[in-house]
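# Coordinate analysis (summary)
Single-letter residue listing:
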Amino acid sequence: MAHRESPVVLNGTQVSYIGHDSKDIPHFLGETYGKFARRLDLSFNQLRLLAGLKMFTELEELVVDNNLLGNDLQLPRLPKLHTLTLNKNQLTDIEALLEHLADVTPSLEYLSLLGNEACPNQLVSLDKDDDDYQRYRYFVLYKLPQLKFLDSRKVTKTELKEAQARGAFMKVVKPKSEEEDAAILMRDSLLSVFHAERKKDSAGFYHKAVITLNLSKR
């Protein structure tokens, strides 16, 4: 009988479960490795939820690149986590994400969000420039001032000082989804029809009033 290769790569306290198209964290991962794993790599799956992380009580590093994580991302409290990479997911609401991370990952020092709409650079949109990206960095550092690295760059003292002074005003605007764009278009169309009908009714009323007034003068 052929030996079946394990889907998990284990190297001491480092656990990798990469490229298995999983939509959820398999229960056996937490059961088997949760109590001792310090580093967990779940890249190149199809994860939308990370509920299974609650069993990884000793986790210090988490890599979840190239998945399908969106704005409903919820992490359990991970007090020892110092490194988190969420590159190339579907995150757009940077403020909600940062507030959540501030609450559940108090030891976080390294964060990477490259390849998400929430991180405005040319990886996700050609109309973004260095100024857009720098404003994003100031806002992230205002929310998470303990960070030492953000994306691929070290946080400087000057940058951190600027973030504390101006970061609150550097909020990155959340991109509209296709559904939101469609809803706005529908609303604008309905308003246009409403105003056109109202204008037509007003004109008709005015026309009738003029005729009545002219007849009364005869």
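The coordinates are above.
Residues numbered from 1 in each chain as written. Predicted model: local features only at pLDDT ≥ 70, side-chain atom pairs only at ≥ 80, totals over all residues. Heavy atoms only, no water.

### Some words on the packing of aromatic side chains
Counting across every chain of the model gives 4 aromatic pairs. Ring plane angle 75° and centroid distance 6.2 Å describe the contact between Y17 and F28, whose orientation is recorded as edge-to-face. Residue Y17 is found in the loop between β2 (14–16) and α1 (27–33), and its partner F28 is found in helix α1; the two are separated by 11 residues along the sequence. Relative to F149, the ring of Y110 has its centre 5.9 Å away and its plane inclined at 35°; by these criteria the two rings are tilted. Remark: F149 occurs in strand β7 (residues 149–150) and Y110 occurs in strand β6 (residues 110–112); sequence separation between them is 39 residues. For Y110, a relative accessible area of 25% translates into the label partly exposed. According to the relative accessible area criterion, F149 is partly exposed, its value standing at 35%. (Phe/Tyr/Trp six-rings, centres within 6.5 Å; stacked < 30°, edge-to-face > 60°. Helix = DSSP H or I, 4+ residues; strand = E, 2+ residues; numbered from the N terminus. Buried < 20%, exposed > 50% of the residue type's maximum accessible area, 1.4 Å probe, protein only.)

### With respect to helix α2 (residues 94–104)
What α2 keeps buried is the set I94, L97, L98, H100, L101 and V104. Along the long axis of α2, the arc covered by the buried residues comes to 160°, so they all point the same way. Where the residues of α2 are buried, they touch β5 (83–85), β6 and α3 (130–143). (Arc of directions from axis to C-beta. Contact = heavy atoms within 4.5 Å.)

### Considerations on the packing of α2 against α3
Interhelical geometry of α2 versus α3 gives an angle of 30° and a closest axis separation of 9 Å. Relative to α3, the element α2 is oriented roughly parallel. The handedness of the crossing between α2 and α3 is right-handed. Packed against α2, whose contacting residues are I94, E95, L98 and E99, the element α3 presents Y136, F139, V140 and K143 at the interface. (Axes fitted to C-alpha atoms, helices over the stretch in contact; angles between N-to-C directions. Parallel < 35°, antiparallel > 145°, perpendicular 65-115°, else oblique. Left-handed = near helix turned anticlockwise from the far one by under 90°.)

### A short note on the packing of α3 against helix α4 (residues 157–166)
Relative placement of two packed helices is described by the angle separating their axes and the distance separating the axes. The interhelical angle for the contact between α3 and α4, taken along N-to-C directions, is 80°, at an axis separation of 8 Å. With respect to their mutual orientation, α3 and α4 come out roughly perpendicular. Residue-level inspection shows Q134, R137, Y138, L141 and Y142 of α3 in contact with α4, the latter providing E159, L160, E162, A163, Q164 and R166. In the contact of α3 with α4, the residues fall into 5 nonpolar, 2 polar and 4 charged. (Nonpolar A, V, L, I, M, F, W, Y, C, P; charged D, E, K, R; others polar.)

### Points about the side chain of N89
Along the chain, N89 falls in the loop between β5 and α2. Engagement of the side chain of N89 in a polar contact is seen with the backbone oxygen of V64, the distance being 3.0 Å. A distance of 3.0 Å separates a polar atom in the side chain of N89 from the backbone oxygen of L86. Residues within four places of N89 in sequence aside, it is in contact with V64, D65, N66, N67, L68, L69, G115 and N116. (Polar contact = N/O pair within 3.5 Å; in protein donor to acceptor, adjacent residues only side chain to side chain.)

### A short note on the pattern of salt bridges
For the structure on display, the rule yields 10 salt bridges. The salt bridge involving K80 is made with E58; its shortest N-O contact spans 2.4 Å. Remark: E58 occurs in the loop between β3 (39–41) and β4 (61–63) and K80 occurs in the loop between β4 and β5; sequence separation between them is 22 residues. Looking at K80, the relative accessible area reads 40%, which means it is partly exposed. For R153, the salt bridge is made with E159, and the minimal N-O distance between the two is 3.4 Å. Three or more residues joined by partner-sharing salt bridges are found here, namely E95, E99 and K143. (Salt bridge = Lys/Arg side-chain N within 4 Å of Asp/Glu carboxyl O.)

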